[in-house]
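Residues per chain are reported as follows:
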Amino acid sequence: MIRVLLADDQTVVRAGFRALLDLTDDLVVVAEAADGAAAVELTRTTRPDVVLMDIRMPGVDGLEATRRIVAEPSLDGVRVLVLTTYEADAYVFEALRSGAAGFLLKDVDPDDLREAIRTVAAGRSLLAPAVTRRVIEEFARLQGPRAAARERLAPLTDREREVLALVGRGLSNDEIGTRLLMSPLTAKTHVSRTMAKLGARDRAQLVVLAYETALVRPGES
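About the criteria used
Throughout, residues of each chain are indexed from 1 in the direction in which the sequence is written. Where local features are concerned, this predicted model is filtered to residues with pLDDT of at least 70; where side-chain atom pairs are given and counted, the filter is 80 or more; whole-chain, interface and lining totals use all residues. Side-chain figures throughout are based on the complete set of non-hydrogen atoms in the structure, without hydrogens or water. The helix count covers DSSP runs of H or I at least four residues long, the strand count covers runs of E at least two residues long, and both are numbered beginning at the N terminus. Burial here depends on accessible area, computed with a 1.4 Å probe over protein chains only, as a share of the maximum for the residue type. Under 20% is buried, over 50% is exposed, and the range in between is partly exposed. By definition, residues are in contact when any of their heavy atoms lie within 4.5 Å. Given a helix with a known number of residues, its expected span is that number minus one, times 1.5 Å. All axes here are fitted lines through C-alpha atoms, helices being fitted over the stretch that makes contact, and every angle between N-to-C directions spans 0 to 180 degrees. By definition in this entry, angles of less than 35 degrees are roughly parallel, angles greater than 145 are roughly antiparallel, angles of 65 to 115 are roughly perpendicular, and the rest are oblique. Residues are grouped as follows: Ala, Val, Leu, Ile, Met, Phe, Trp, Tyr, Cys and Pro are nonpolar; Asp, Glu, Lys and Arg are charged; every other residue, Gly included, is polar. What qualifies as a polar contact is a pair of N or O atoms within 3.5 Å, subject to a donor-acceptor requirement within protein and to the restriction that residues adjacent in sequence count only when both atoms come from side chains. Two strands form a pair only when DSSP identifies at least two bridges running between them. When the strands point away from the viewer, a crossover counts as right-handed if the path from the first strand over the helix to the second runs clockwise. Put simply, a crossing is left-handed when the front helix is turned counterclockwise from the back one by less than a right angle, and right-handed when it is turned clockwise. The working definition used for a salt bridge is a side-chain nitrogen of Lys or Arg within 4 Å of a carboxyl oxygen of Asp or Glu.

Draft legend 1. Local environment of the overall build of the chain. If you tally the helices and strands in the chain, you get eleven helices and six strands. Relative to its 221 residues, the chain shows a buried fraction of 48%. When contacts within the chain are restricted to residue pairs at least 6 apart in sequence, those whose partners lie at least 24 apart make up 67%.

Draft legend 2. Layout of helix H1 (residues 11-22). Between the first and last C-alpha of H1 there are 16 Å, a value that for twelve residues agrees with the 16 Å anticipated at 1.5 Å per step. Buried residues belonging to H1 abut strand S1 (2-7), strand S2 (27-33), strand S3 (50-54), strand S4 (79-84) and helix H5 (110-121).

Draft legend 3. Main features of the packing of helix H8 (residues 158-168) against helix H10 (residues 184-198). Orientation of H8 relative to H10, taken along the N-to-C sense of each, is 95 degrees, at an axis distance of 9 Å. On the basis of their axis angle, the class for H8 and H10 is roughly perpendicular. Counting all contacts with H8, which are made through Arg159, Glu160, Val163, Leu164 and Val167, the residues of H10 involved are His190, Val191, Arg193, Thr194, Lys197 and Leu198. Considered class by class, the residues forming the contact of H8 with H10 number five nonpolar, two polar and four charged.

Draft legend 4. Fine view of the side chain of Thr213. Among the secondary structure elements, Thr213 is positioned in the segment after helix H11 (203-212). Using a relative accessible area of 0% as the deciding quantity, one classes Thr213 as buried. Among the polar contacts made by the side chain of Thr213, one reaches the main-chain carbonyl oxygen of Leu209 at a distance of 2.8 Å.

Draft legend 5. Quick peek at unusual backbone geometry. One non-glycine residue with positive phi stands out, namely Arg47, at about 50 degrees. Among the secondary structure elements, Arg47 is positioned in the loop between helix H2 (36-46) and S3. The backbone of Ala214 shows a phi angle near 65 degrees, a positive value even though the residue is not glycine. As for its position among the elements, Ala214 is in the segment after H11. Judged by relative accessible area, which is 17%, Ala214 ranks as buried.

Draft legend 6. Fine view of the pairing of S4. Burial within S4 is extensive, with six of its six residues counted as buried. Taking every second residue as pointing to the same face, both faces of S4 are buried, with Arg79, Leu81 and Leu83 on one and Val80, Val82 and Thr84 on the other. Looking at chain direction, S3 and S4 are connected through five bridges and run parallel. If you follow Met53 over to S4, its bridge partner there is Val82. This β-α-β element, S3 to helix H3 (residues 62-71) to S4, shows right-handed connectivity.

Draft legend 7. Broad picture of the packing of H8 against helix H9 (residues 173-180). Two elements in contact, H8 and H9, have axes separated by 10 Å at closest approach and are oriented at 130 degrees. Between H8 and H9, the interaxial angle falls into the category oblique. When the axes of H8 and H9 are compared, the crossing they make is right-handed. Listed contacts from H9 to Arg159, Glu162, Val163, Leu166 and Val167 of H8 are Ile176, Arg179 and Leu180. Looking at the contact of H8 with H9 residue by residue, the class counts come to five nonpolar, no polar and three charged.

Draft legend 8. Molecular detail of the pattern of salt bridges. Per the stated rule, a full pass over the model turns up 14 salt bridges. The shortest N-O distance in the salt bridge between Glu64 and Arg68 comes to 3.1 Å. With Glu64 and Arg68 both in helix H3 and four residues apart, this pair spans about one turn of that helix. Judged by relative accessible area, which is 27%, Glu64 ranks as partly exposed. Glu160 is paired through a salt bridge with Lys197; the nearest N and O atoms lie 2.9 Å apart. Pair noted here: Glu160 is in helix H8 and Lys197 is in helix H10, with a separation of 37 residues, a long-range link. Residue Lys197 is classed as partly exposed on the basis of its relative accessible area, which comes to 38%.

This is the structure we're talking about:
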């Protein structure tokens, strides 16, 4: 069973998600929180696999709650999936930088929501299709690579930089292996080492860093 914590300040929204997930054999709601502070505390006590986190909540908002959860070593296995009605770019970038494993709009189809929970619980990351284009366009508007972010690439070997660039373009391990003439297992090893060296929790943060450092530019093949 995948254990889920619901964090949203609207009771009716939490009730709707609970009703939906209660009908799913492999998902179970273990707790509900009406604000970010409660979400963090309940995450500590219930240790869910996935937290469905609203952004705008009273007091401690969802972004700050995500930062606190991600920063706590004892909660290393907890994944945060941000759900919001807002498509504003800033929320997408800030959610990913805060350590969220994914970002979905609240109008997501029920089946897509279930699959999203399974995806992040399995250690993968995702973005809502509706906001993916906005992410790329916003990075394209950056004036240039951030110096601090660029310096983070220093520990990487040339091969690991190649791998990071391909992750940034959205390639899977199988596709990276094909492109670089290596096995999928070797590609996976390179991705894991790159994540470890950069302190990234998942592929979503690797994608962010690839664009922030201009290692990948929109429109490149």
